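Chain by chain, the residues:
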Amino acid sequence: MKTKDHSRQLHSDGDRGDGSVKYVLTGEGAGTLFKIDEKSGDIHATKRLDREEKAYYILHAKAVNRFTNEALEGESEFIIKIHDINDNEPRFTKDPYMAGVPEMSDVGTSVIQVTATDADDATYGNSARVVYSILEGQPYFSVDAETGLIKTALPGMDREVKEHYQVVIQAKDMAGQMGGLSGTTTVSITLSDVNDNPPRFTKTLYEFRVAESNELGSAVGVIRAVDADIGQNAEMDYRIISSDGPGMFDITVNRSTQEGVILLRKPLDYEKKRQYSLRVQVENVHINPRFYSMGPFRDEASVKIVVEDVDEPPVFERPSYIMEVKEDTARNTVIGSVSASDPDDKHSLVRYTIDRRTDMDRVFNIHAGNGSVFIFRELDREENAWHNISVIATEFNNPRQTSRVPVYIRVLDVNDNAPTFATNYETFVCENAKANQRIQTVRAMDPDEPLGGHRFIFSLAPEAVGKANFSVRDNKDNTAWILTRRNSYSSLQKSIYHVPVVITDGEFPVQSSTNTLTIRVCTCDREGNMKLCNPEALTARAGLSTGALVAILLCVIILLMIVVLFAALRRQRKKEPLIISKEDVRDNVVSYNDEGGGEEDTQAFDISTLRNPEAIEESKQRRDIIPETFYPPVRRPAVPPASRENNGDVRDFINQRLQDNDNDPTAPPYDSLATYAYEGNGSVAESLSSLESVTTEGDQDYNYLSEWGPRFKKLADMYGGDDSDS
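Everything numeric in this text was worked out from a predicted model, so none of it was measured.

Novice: Help me understand the sheet that holds strand β9 (residues 97-102) in this model?
Specialist: Taking strand neighbours across the sheet as the criterion, the four strands line up as β9-β16-β15-β12 in an open arrangement whose pairing is mixed. Only two strands of the sheet have a single neighbouring strand rather than two, namely β9 and β12 (131-136). Mean inter-strand twist for the sheet, computed between neighbouring axes without regard to direction, equals 35°. When β9 meets strand β16 (residues 182-192), the two strands line up parallel, connected through six bridges. Opposite A99, over in β16, you have I189 as the bridge partner.

Novice: Would you mind going over the pattern of salt bridges with me for this structure?
Specialist: Side chains that carry opposite charge are capable of pairing whenever their charged atoms lie near each other. According to the stated counting rule, one finds 21 salt bridges in the structure shown. In this structure, D355 engages R357 in a salt bridge whose closest nitrogen and oxygen atoms are separated by 3.2 Å. A relative accessible area of 66% means that R357 is categorised as exposed. Here R356 ties to D359 by a salt bridge, and the two come within 2.9 Å at their closest N and O atoms. On the basis of relative accessible area, R356 is assigned to the partly exposed category, the value being 21%. Using a relative accessible area of 4% as the deciding quantity, one classes D359 as buried. Bridged by salt links that share partners, the residues R159, E160, E163 and D193 form one connected network.

Novice: Quick question: what am I supposed to make of unusual backbone geometry here?
Specialist: Among all residues save glycine, negative phi is the norm, and among peptide bonds the norm is trans. For the bond running from D95 to P96, omega is 5°, close enough to zero to count as cis. Looking at the element boundaries, P96 is found in the loop between β8 (91-92) and β9. In this structure, the amide linkage connecting F508 to the following residue, P509, adopts the cis form with an omega of -5°. Relative to the elements of secondary structure, P509 occurs in the loop between β40 (496-505) and β41 (512-524). Positive phi values are uncommon outside glycine, yet N436 reaches one of about 60°. Within the fold, N436 resides in the loop between β35 (427-430) and β36 (438-445). If you check the backbone angles, S488 has positive phi at about 60° while not being a glycine. The exposure class assigned to S488 is partly exposed, which follows from its relative accessible area of 38%.

Quick notes on the rules
- Residues numbered from 1 in each chain as written.
- Predicted model: local features only at pLDDT ≥ 70, side-chain atom pairs only at ≥ 80, totals over all residues.
- Heavy atoms only, no water.
- Pairing = 2+ DSSP bridges.
- Helix = DSSP H or I, 4+ residues; strand = E, 2+ residues; numbered from the N terminus.
- Axes fitted to C-alpha atoms, helices over the stretch in contact; angles between N-to-C directions.
- Salt bridge = Lys/Arg side-chain N within 4 Å of Asp/Glu carboxyl O.
- Buried < 20%, exposed > 50% of the residue type's maximum accessible area, 1.4 Å probe, protein only.

Below you can see the structure in the form of structure tokens.
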């Protein structure tokens, strides 16, 4: 089977045109994109084909017998190629493009290259041949038609004039001929900054005012220069190029604002200089040599600083004072003076005082007007060799303005202390000692400090020279030996010797003291080692100091007091309390556990007793013994009933009873509670109240108590029986 040239028809040699041949098409797109006429073999495209999607298709065709379906020939393969037409416009790879170029760039400086692609077949005609052109952005920029490279086209483009540009580039196929398709893109071009502008001060003269009391390092003022550039191209440095106060001021840069800050470096003094003039310069930090020709990248300005007067505290002539005084100097002696003055124009008077927190003992004082320091109390170098005080100067017109200065006072030594033994020596001499035998080496001490050092002289007291048992030898080196003057000593004859040693210093005025050296007599071995001393000597050696003895005595007294107090507390605990009732809440309430005959016992006592206090004033009986034992019976006249009812009230009676108890010598030595109650009748045992027994004490018969049983045996023994028995 073959295809006819330049045709879209298949034909089999076995096709005789009688309709018995059937053409069948298979392969890519068969039945969908391509269809074949079964009778004639014509191939038709059913849809529009796009070369950019698929450039060719591979198909297979065969001729078969329509009736038997048998292949008349072998299968044939053929390719259908799609011829390209210009149906795709050029497309840029980006939209938009972003680019930048330094300002002031030369003409022809490359900015960016743009690229457009065309999907048409580049090998077939000019459908894919693209040409570039600029639609917007002239005359600043140009584009290469073949490569799409954008370049600067105008010299001296200034970022400070215009920073951003929008350039539109067109890409057209068919080599730019008529009928060609085209595409566009936008290129955003930004001019980057270069240092092409010098800094400039906003003023030619700056003026600032500052108080003379401003602290060092504080800001005096701020100056500012402007620069049209940005970023590091606008960074500036400030410096002082001339000043009539060298070193008084300095200038630094605030990098965040690019401002110059003038700082104070030395103290200001309105009275000395009231105005300063400075010449300052500003300069770019990063300078581009390419733009040197555009002029110097610096600027200058003048600064005027006016000092304002401030009320200042007094100023001392010196930062500190050192004074010297001998320790024996008399009181009220002037040892030195301080001086301060008001630095202001008004020259206010100054008053001097001593800060008493630095002189708590008030050893010194100062004259308020002239600043003379004098001694207020006696000095002692050995107690305090240096005194550090502070003197305060205060303005009379403004007491809040004060200043202070340290004054160091050195106390000079005077020989006012006598030398003494360097320590407490415990010396002994052996009974078998030989004459001129050394038994002790003594040294001396002196709190004074002479310039040439100490020189002590030792000797035996004059009163002991004639009868001395020991001698003192001065070694001329501030030590002395104690020597024996005879052979053998007896502890039985004398166990302790007291040797008076006179110590004299070599200063003026001469000071001396007599020191007693105690020497014990002891038994020693042949080598001179002490073996035994007599009891008196041992006691003297082991004797305690007065403070230790007092402490021991106080401890003994405290122990004795504790023992006595403990014994007293134990005796007090053994005493049985007067109150045994659980309902009583205080130890000074006395309870009488008497019982009456009930609520209806009218025989317990006569209420007239409460209404007639005079009836019982003559007798004061004790309730724990038989009344007849101590007092004779008292008979009281009967009181008429009417009189009983109309007598004084119970309150007066109670008050009278309270007074009687207070004055009663037989009452307990503490507060007591006496209860007076009304009891009713109905009691079989009748009343036991002592109120009724007071009025009928002569007629009482206590023998019946023995009939009440063992509970009342105690009462029966106390009150029962005849008078002879009791």
